[in-house]
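Structural overview
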Amino acid sequence: MDPLDRPESLKEKFESSSSSAATNRETSTCAPWARFSTWLECVCVVTFDLELGQAIELVYPHDVKLTEKEKTSICYLSFPDSYSDTQFSFRLRQSVGRVSGLWFGEEDDYNRDVPLILQKELAHFYGYVYFRQVKDVSVKRGYFQKSLVLVSRLPYVQLFHSLLQIITPEYFEKLEPCLEAVCNEIDQWPPPVPGKTLNLPVMGVVVQVRIPSKDDKAGGSPTRQGQKENLLPAPMVLPTVHELDLFKCFQSIFIHLQMLWELMLLGEPMVVMAPSPAISSETVLALVSSIGPLKYCCDFRPYFTIHDSEFKEYTTRTQAPPNVILGVTNPFFIKTFQCWPHILRLGELKMSGDLPKQVKVKKLSKLKTLDTKPGIYTAYKTFLHKDKALIKRLLKGIQRKRPSEVQSAILRRYLLELTQSFIIPLERYLASLMPLQRSVTPWKTPPQIRPFSQDEFMATLDHAGPQLTSVLKGDWPGLYKRFFRSANFDGWYRLRHKEMTQKVECLHLEAICDADLLSWTKDKSEVEIVDLILKLREKLIRARKIQLPVKDELLEKLESYIQTVISSLPEDLQTVLHKH
Amino acid sequence: NSLTCIYNKTCLADTGVGKSSIVWRFVEDSFDPNINPTIGASFMTKTVQYHNELHKFLIWDTAGQERFRALAPMYYRGSAAAIIVFDITKEESFQTLKNWVKELRQHGPPNIVVAIAGNKCDLSDAREVSEKDAKDYADSIHAIFVETSAKNAININELFIEISQRIPVLDMGGSSGVRGLKLRREPSDVTRERTCC
């Protein structure tokens, strides 16, 4: 189907279909910036003021409220030590007490239908930065330095950096009207809906992108829309809103992929020290995404500075390092993070022949001076063995000059299969904790889900462990044991448990609707019947409130049941019950 | 419907001459006398059947206000056609139209189809630009010319049909052809009554 508009009934010549991709703000009833805010929180321009230092020059839309703390963080996080144009990302915690927009919330449709890793952040913002520094004699400092920052709750790193590439060079030339125009165009964009291919017009270009859906087949590349249209100018088709070029991100560390994957899976405290914010932020985001479809549940900061409001919290020596991953560029951090268990030091990429030079695993004690060499500084011993076949395959790809996207696709698939091999036994065990369907009866409260027992799970590994889907050898049980202590397990378990509880509630509701309540009430006392009505009502309200995934008809059926039962009661009671 | 043609167009002109009204009349077949000035640009699409072909128009309706003047190239540079609008009751808007033509010739895509719309032809009592002058000028630059009224729905579809006929269909090797076009507005007086589009 044509993504730009719906081919409606085509009548006679030129009397025909129309649809406007843009909403008409004049006639639309949505609040100002309602559409804009489904994509972005705001756009900021950060500049260097001789007296103030880094300062926000402009925020658009003008009425967006950022707290002073947020503003300060954005200023520092958007202003790297860099000598040319650079793009990178950061993530910051939103101030306490801030009311998140109307659009968000746990039961949000978007968050419900999108893969976990693409959910809207509820307590953090992403900042996507385009920073420019060029010599400019007309400025006192001798340099033009400015950043354009897109602030969003969406982790669409590719989309927003592509957008920055389109708008920033124009903005630096044409200034505020340009930003005003862009924000107004974004305010005409359709909202992000999982599973939809969207056309996003901006500055004379139509960016076409698909928002992934939770129902997409894992690993399969999303189906491109069937018929390709030849637009002129061709729309800028982005293959993904969020996926990074993994091979590029991991090119000097891919021989340690297994170790890095384990560290991410376990949510270990980690610092990525990189030569630039671009490299630090891409590496951190790539690492975080490496355990997808599992959600990385710890805090991560693609670019972190000493000015960050969490700096003290994260670097206090009185406690063990927090379970976070921080991307930094300032060599001063070597001292600060000396007690951290895992430090990935990246340098500028070096080639040995055709091959990107791989960093080595080094002892933490070697970590001391400011000119610490690239390497993974850790005492960590991996649970799983290295996959030599993967490394060979990647190396062969390099020799054959295989395009980076293809290498990335290999890596992505590999990581996905690895994570799935790890998670499938857990999913299978969890499914066995569900009560039997026949134990769900309308006459009793819904049955309990059996508690998760680590020992019981471990006992399943012999016959139904990861060896069924992965050839990798190693201490899988040890990895699971450690995983149980991580925030990622906790996050995964909570979510699954919630889904299962809802499933049981659904089954219970269905059982109630299938039961013959009226004949059950025949030999019951009034008290019991009233009690039943109140309980059913409570169930109905709850189902609607938490948007239980049941059909509307089912809820309507329940509602009419309640009415029928009420009408079987004496009239005075009926009046009372109708009032409530 | 063997052929789909897609046009990217820019609508250019000063503020107040009726660019957005023309686009709205074409896309939605409606008219709002109190339409707000465009900010930046509005993007709209419309698919119409013409003979045996489907024509799809991607329309960038640009802002006419002076502060957005410098943004126009972003929109017309990728367009197959530009509609330049002037207000027949404002001589000044006809003069600024000529500046837009010059700019397009200098900085626009080489084969951009130019269409001139003399809008507000329902207000012929207040006419300041004669149809002949405008037609002669359009002919001299090989541009399409029509007098339109977005308010009374005069010549709006005709304008777009003419444009689609002029745009060369690119052979994309398949059954679908492609054309692109953008619209721009013309500068004129903001204080003019908006009801007279």
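Just so we're clear, the structure is a prediction, and the values are computed from it rather than from any experiment.

Moving on, we come to the overall build of chain B. From N to C terminus, chain B includes five helices and nine strands. The helix and strand sequence of chain B, counted from the amino end, reads β-α-β-β-α-β-α-β-α-β-α-β-β-β. The long-range share in chain B, meaning contacts at least 24 apart out of those at least 6 apart in sequence, stands at 79%. Entry remark: accessible area of chain B is about 7,200 Å², with carbon and sulfur atoms responsible for 47%.

Residues and elements named next belong to chain A. Ordered in space as β6-β7-β8, the three strands form an open sheet in which the pairing is mixed. Where the open sheet ends on each side, the last strands, each with one partner, are β6 (197–202) and β8 (236–237). Bridge analysis of strand β7 (residues 205–210) against β8 gives two bridges, and the strand direction is parallel. Counterpart to Val-207 in the pairing with β8 is Met-236.

This part is about helix α2 (residues 68–77) of chain A. Taken residue by residue, α2 of chain A has Glu-70, Ser-73, Ile-74, Cys-75 and Leu-77 of chain A as its buried positions. Along its buried surface, α2 of chain A packs onto β1 (42–49), β2 (53–60), β3 (86–93), β4 (124–135) and β5 (143–152) of chain A.

Glancing now at the environment of Asp-113 of chain A. All names here are of chain A. Structurally, the position occupied by Asp-113 is in helix α3 (residues 109–113). A relative accessible area of 29% means that Asp-113 is categorised as partly exposed. Separated by 259 residues in sequence, Asp-113 and Thr-372 have C-alpha atoms that sit 45 Å apart. If sequence neighbours within four positions are ignored, Asp-113 has contacts with Pro-194, Ser-213 and Lys-214. Engagement of the side chain of Asp-113 in a polar contact is seen with the side chain of Arg-112, the distance being 3.1 Å.

Bringing the pattern of salt bridges into the picture now. If the charged atoms of two oppositely charged side chains come close together, the side chains can form a pair. The full count for this structure, using the stated rule, is 36 salt bridges over all chains. Arg-67 of chain B is the partner of Glu-180 of chain A in a salt bridge, and the nearest nitrogen-oxygen pair spans 2.6 Å. Taken together, the residues Glu-180 of chain A in helix α5 (residues 176–186) and Arg-67 of chain B in the loop between β3 (53–62) and α2 (72–76) connect one chain to another. Its relative accessible area of 10% is what places Glu-180 of chain A among the buried residues. By relative accessible area, Arg-67 of chain B is classed as partly exposed at 43%. Across the pair Asp-531 of chain A and Lys-535 of chain A runs a salt bridge whose closest N-O atoms are separated by 3.4 Å. With Asp-531 of chain A and Lys-535 of chain A both in helix α17 (residues 526–545), this residue pair falls four residues apart, about one helical turn.

This part is about the side chain of Ser-281 of chain A. Residues and elements named next belong to chain A. Following the sequence through the fold, Ser-281 ends up in helix α8 (residues 277–289). There is a polar contact of 3.2 Å between the side chain of Ser-281 and the backbone nitrogen of Ser-89. Within the structure, the side chain of Ser-281 is placed 3.3 Å from the backbone oxygen of Ala-278, a separation counted as a polar contact. The contacts of Ser-281, once residues within four sequence positions are left out, are Phe-88, Ser-89 and Pro-302.

Let's shift gears to the nonpolar core. Grouped together as the largest cluster of nonpolar side chains are 121 residues, with contacts concentrated most on Trp-39 and Phe-250 of chain A. With 10 residues, the top contributor of residues to this core is helix α12 (residues 404–432) of chain A. Judged by nonpolar contacts, the second largest core, of 28 residues, contains Ile-35, Ile-59, Val-113 and Val-146 of chain B.

Residues and elements named next belong to chain A. It is at 12 Å that the axes of α17 and helix α19 (residues 571–579) come closest, and there the two elements cross at 20 degrees. Overall, the two elements α17 and α19 adopt an arrangement that is roughly parallel. Seen along the crossing, α17 lies across α19 with a hand that is right-handed. Every residue of α19 that contacts α17 at Glu-526, Val-530, Ile-533, Leu-534 and Arg-537 is listed here: Leu-573, Leu-577 and His-578. Of the residues that constitute the contact of α17 with α19, the class distribution is five nonpolar, one polar and two charged.

Conventions and cut-offs
Residues numbered from 1 in each chain as written. Chains lettered and ligands numbered in written order. Predicted model: local features only at pLDDT ≥ 70, side-chain atom pairs only at ≥ 80, totals over all residues. Heavy atoms only, no water. Helix = DSSP H or I, 4+ residues; strand = E, 2+ residues; numbered from the N terminus. Contact = heavy atoms within 4.5 Å. Areas by Shrake-Rupley, 256 points an atom, 1.4 Å probe, with all protein chains shown as cover. Pairing = 2+ DSSP bridges. Buried < 20%, exposed > 50% of the residue type's maximum accessible area, 1.4 Å probe, protein only. Polar contact = N/O pair within 3.5 Å; in protein donor to acceptor, adjacent residues only side chain to side chain. Salt bridge = Lys/Arg side-chain N within 4 Å of Asp/Glu carboxyl O. Core = buried A, V, L, I, M, F, W, Y, C linked by side-chain atoms within 4.5 Å. Axes fitted to C-alpha atoms, helices over the stretch in contact; angles between N-to-C directions. Parallel < 35°, antiparallel > 145°, perpendicular 65-115°, else oblique. Left-handed = near helix turned anticlockwise from the far one by under 90°. Nonpolar A, V, L, I, M, F, W, Y, C, P; charged D, E, K, R; others polar.

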